Amino acid sequence: MASSCSCNDEKKIINSTNISQLYYTDLFPINENGNKPTKEFLLKVIEICLDFIQKSNDRSTKVIDFHTPEELQKLFDFSIPDEPLNIGQILNDCRDALKYQVKTAHPHFFNQLSCGLDIVSLAGEWLTAAANTNMFTYEIAPVFILMEHHILKKMRDIIGFTNGDSILCPGGAISNLYAVIIARHKLFAEYKAKGLKALSQQLVLFTSEHSHYSTRSAGAVCGFGTDNVIDVPCDERGRMIPSELERLVKETISRGDRPFFINCTSGTTVLGAFDQINPLADIADKYNIWLHVDAAWGGGCLLSRKHRHKLDGIERARSVTWNPHKLMSTLLQCSTVHFKENGLLMDANQMCADYLFQQDKHYDVSYDTGDKVIQCGRHNDIFKLWIMWRSKGMEGYERHIDHLFDLTDYMVEKLKDRPDQFYLIIPEPECVNISFWYIPTRLRNVPHDRQRIQELGTITPQLKARMMNSGTLMIGYQPVGEIPNFFRNIISNSGVQTKDIDFLLSELDRLGHDL
Ligand code: ABU
């Protein structure tokens, strides 16, 4: 190691002209006089980040520099050395990691429900990392705990819950798992102590056939079994059919099982469908079943006067999942779950670990929210949402949501203008998911029958491979039920403009016309 790898007792002040030759031992906290090199190092890291952000917003750059896993293992040094590496190498590692990373903020990245990079939210994430605290107690995160308190209450107000409780979770699937845990606790509180023995009946969950797999997963995790998570058929737009739900609820009762949880989806993952909440809430009320709304994807519509109606009746749910890292573009990850009734989260999950949640602290320990959750350590996911929301205000957020939907309408119109090249699977999408097939030249002017549909399903992954190899565009694809592979285009980056949609359509044709 070079001589600049200092020992603690040297206490040297470095007037570095060549930061690259230094070692971690020259930085805070090992070097208590490490202000200057620490600052220089971090400024260089920020420069690398800014360069990546600039490239991500430059339409002339590629979205992805794709390499197979085998190639990337050769291109990138993933190994951990025995001896420390100098800061110059560490900076190179930072640069290389971003070089091969997909630019999810690029306006030609339409691949995921979370696209884009909000700069204020990014600042929040940087600050969060600098504070590096854990969200289990008020004792070590006073500002952030109160921030959570305020924002989660604001979200409950927007949902229409006048009281209640909420928590931030590591992802929407875990938010949905919390809803199932709390529903079970409400019905069989003794489960917490007695386990499965406490369940007097087989509990059954209902969710639409187009819903996210997390309800099935919660059924497995919570001990009900995936056989007892029933898929309810959907209509042609991908919405749960209420009469089918009621039929399946009655069937469950007639065989002696207990219908206990209805998962209603506001914004399905693939088609972006919104189940109609009110008819499902009527069934939930009639049979005394817990109604959960999974608005992980569509929850952002609650911020828009124009689109809020898609979640009419949401206040009738007993719990709601809503992910700000999706339509609201908060940085990953930021997922919330809300309960109409206060106290259930604490009651169901509290373990009173007395090294952490001492009840005789000198402040109101109800702010030690860590005892409400099944995990122990909790990441600070609130600051990036709070600071972003303040920067936009309610008005700016409404504009953000409306912009995404306006662009969706624009793209749908453009697809309809070119029926020879594109086939819209859902002609009037409810969310910003646009489901379509690209039609290459040889399949134009042929009947849209079973054979053409099968061929389009085969062509879709081939076109996706060309997209990734050229690096110019990313759009996801999947089959749904009987429908073979098709593209699911997502517009959730506020930086996307109409010219990007125009590019997307002509690029698909450039890459795929000869398939
Ligand atoms: N589980 C939701 C994320 C799916 C997506 O981004 O495509």
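Residues numbered from 1 in each chain as written. Predicted model: local features only at pLDDT ≥ 70, side-chain atom pairs only at ≥ 80, totals over all residues. Heavy atoms only, no water.

1. Observations concerning the side chain of Ser304
Part 1 of the reasoning: Looking at where Ser304 falls in the secondary structure, it is placed in the loop between β6 (290-295) and β7 (319-322).
Part 2 of the reasoning: Under the relative-accessibility criterion, Ser304 is labelled buried at 1%.
Part 3 of the reasoning: Looking at Ser304, its side chain comes within polar contact range of the main-chain nitrogen of Lys306, at 3.1 Å.
Part 4 of the reasoning: For Ser304, the side chain forms a polar contact with the side chain of Asp402, separated by 2.6 Å.
Part 5 of the reasoning: Contacts of Ser304, omitting those with residues within four sequence positions, involve Glu398, Ile401 and Asp402. (Helix = DSSP H or I, 4+ residues; strand = E, 2+ residues; numbered from the N terminus. Buried < 20%, exposed > 50% of the residue type's maximum accessible area, 1.4 Å probe, protein only. Polar contact = N/O pair within 3.5 Å; in protein donor to acceptor, adjacent residues only side chain to side chain. Contact = heavy atoms within 4.5 Å.)

2. Let's talk about the pattern of salt bridges
Part 1 of the reasoning: For the structure on display, the rule yields 30 salt bridges.
Part 2 of the reasoning: Counted as one network, the salt bridges with shared partners bring together Glu125, Asp381 and Lys384. (Salt bridge = Lys/Arg side-chain N within 4 Å of Asp/Glu carboxyl O.)

3. Concerning the domain arrangement of the protein chain
Part 1 of the reasoning: Assigned domains within the protein chain: domain 1 (17-103), domain 2 (163-349) and domain 3 (389-512).
Part 2 of the reasoning: Between the C-alpha centres of domain 1 and domain 2 the distance comes to 42 Å. (Domains from an automatic or database assignment.)

4. Observations regarding the packing of helix α1 (residues 35-56) against helix α3 (residues 87-99)
Each pair of packed helices gets described by two things: the angle between the helix axes and the distance between those axes.
Part 1 of the reasoning: Where α1 meets α3, the closest approach of the two axes is 10 Å, and the angle between their N-to-C directions is 20 degrees. Relative to α3, the element α1 is oriented roughly parallel. The interaxial crossing formed by α1 with α3 has right-handed handedness. Note on element contacts: α3 touches α1 through Ile87, Ile90, Leu91, Cys94, Arg95 and Leu98, opposite Phe41, Lys44, Val45, Ile48, Cys49 and Phe52.
Part 2 of the reasoning: Split by residue class, the contact of α1 with α3 holds 10 nonpolar, no polar and 2 charged. (Axes fitted to C-alpha atoms, helices over the stretch in contact; angles between N-to-C directions. Parallel < 35°, antiparallel > 145°, perpendicular 65-115°, else oblique. Left-handed = near helix turned anticlockwise from the far one by under 90°. Nonpolar A, V, L, I, M, F, W, Y, C, P; charged D, E, K, R; others polar.)

5. Things to note about the sheet that holds strand β12 (residues 483-490)
Part 1 of the reasoning: Spatially, the 5 strands line up as an open sheet ordered β1-β11-β12-β10-β9, and their pairing is mixed. Strand pairing shows two members of the sheet lacking a second neighbour, β1 (109-110) and β9 (422-424), which therefore form its edges.
Part 2 of the reasoning: Running over the sheet, helix α12 (residues 383-417) touches β9, β10 (433-438) and β12 and is turned about 20 degrees from β10.
Part 3 of the reasoning: With respect to the sheet, helix α13 (residues 450-470) is in contact with β9, β10, β11 (474-480) and β12, its orientation differing from that of β12 by roughly 45 degrees. (Pairing = 2+ DSSP bridges.)

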